[in-house]
Amino acid sequence: MKPHWRSLLIGVSAYLLFMVFSAPAAKILSWVQPEGVRIAGVEGSLWSGQAALVSVAPLQLDTLRWQFRPFALLIGQLGFALEASLQGRPVQADVGRSFFGAPLVSDVRGRIAAADLLRMLGVTQQVGLAGELD
């Protein structure tokens, strides 16, 4: 009798997970949007979607796209692949959270002018840094 309950529990859990990730991202993000984060122009679902603008002082990302990474669940993570534009240049990263709450950021790829990075970090003193960071 126990295997039936286990199968039922797995089936119901999978269905609920599917419902959450296929829900409109704009609705879900309105409930869980952290303070200090501005998100505008949200389209799609949590599984796959985009936002026209995401602003977390001092960073502003334009045309942020995300894709849920279901295989991350197998290693205890809730993960997403992100693509965005930062200061007009493409940037990509894998982000997420472990089931224990630790934030995860990996495989960050992009290029930014050193002066722009200093300005975003709030460095107001004149620092003789030129070139690009890759």
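Everything numeric here is computed off the predicted structure, so don't read it as measured data.

**Q** Just give me the short version of the pattern of salt bridges, but keep the residues and values in it.
**A** Oppositely charged side chains can form a pair if their charged atoms are brought close together. Counted under the stated rule, the structure contains one salt bridge. D94 is paired through a salt bridge with R69; the nearest N and O atoms lie 3.4 Å apart. Taken together, the positions of D94 in strand β5 (residues 89–98) and R69 in strand β3 (residues 59–69) put the pair 25 residues apart, joining distant regions of the chain. Take D94: its relative accessible area is 14%, and that puts it in the buried class.

**Q** Break down the sheet that holds strand β4 (residues 77–86) for me, citing the residues and quoting the values.
**A** An order of β1-β2-β3-β4-β5-β6 is seen for the six strands of this open sheet, with the pairing classed as antiparallel. This sheet does not close on itself; its edge strands, each paired only once, are β1 (37–44) and β6 (103–110). The average undirected angle you get between the axes of adjacent strands in this sheet is 25°. In this sheet, β4 lies alongside β3 in antiparallel orientation, the contact comprising seven bridges. Each residue of the ladder has a partner; that of L61, found in β4, is L86. Strands in contact with helix α2 (residues 25–32) are β1 and β3; relative to β1, the strand with the most contacts, it is inclined by about 160°.

**Q** Quick one: what's the story with the environment of P70, residue by residue and with numbers?
**A** Here P70 lies in the loop between β3 and β4. Residue classification places P70 among the partly exposed positions, given a relative accessible area of 32%. Sequence separation of P70 and R89 is 19 residues, and the distance between their C-alpha atoms is 27 Å.

**Q** I'd like a rundown of the pairing of β4, residues and numbers included.
**A** Sheet faces and side chains relate simply in a regular strand, where the side chains alternate between the two faces. One ladder, built from 10 bridges, connects β4 with β5; its direction is antiparallel. Looking at the pairing, L82 lines up with A93 of β5. Adjacent in sequence and paired antiparallel, β4 and β5 are bridged by two residues, among which Q87 carries a positive phi angle near 55°.

**Q** Describe α2, and please don't skip the residues or the numbers.
**A** At 3.6 residues per turn, the α-helix brings residues three or four places apart onto the same side. Residues of α2 that are buried include every one of A25, I28 and L29, and no others. End-on view of α2: buried residues confined to an arc of 95°, all on one side of the axis. Where the residues of α2 are buried, they touch β1 and β3.

**Q** So what about the nonpolar core? Which residues, and what values?
**A** Among the nonpolar cores identified, the biggest contains 17 residues, and F21, L46, V54, L64, W66 and F80 are the most heavily contacted of them. Those residues in contact with V54 that lie beyond four places of it in its chain are V37, R38, I39, L59, Q60, L61 and L64.

**Q** With reference to specific residues and values, describe the pairing of β3.
**A** The pairing of strand β2 (residues 48–56) with β3 spans eight bridges and is antiparallel. The residue of β3 that forms the bridge with V54 is L61.

**Q** Give me the packing of aromatic side chains: which residues, what numbers.
**A** What the rule picks out here adds up to two aromatic pairs. Seen in terms of ring centroids, W47 and F68 are 4.9 Å apart; in terms of plane orientation they differ by 55°. Their pairing is tilted. Of the two residues, W47 is situated in the loop between β1 and β2 and F68 in strand β3; the sequence distance between them amounts to 21 residues. Each member of the aromatic cluster is reached from another via a ring pair, and the members are W47, F68 and F80.

Reading the values: the criteria
Residues numbered from 1 in each chain as written. Predicted model: local features only at pLDDT ≥ 70, side-chain atom pairs only at ≥ 80, totals over all residues. Heavy atoms only, no water. Salt bridge = Lys/Arg side-chain N within 4 Å of Asp/Glu carboxyl O. Helix = DSSP H or I, 4+ residues; strand = E, 2+ residues; numbered from the N terminus. Buried < 20%, exposed > 50% of the residue type's maximum accessible area, 1.4 Å probe, protein only. Pairing = 2+ DSSP bridges. Axes fitted to C-alpha atoms, helices over the stretch in contact; angles between N-to-C directions. Contact = heavy atoms within 4.5 Å. Arc of directions from axis to C-beta. Core = buried A, V, L, I, M, F, W, Y, C linked by side-chain atoms within 4.5 Å. Phe/Tyr/Trp six-rings, centres within 6.5 Å; stacked < 30°, edge-to-face > 60°.

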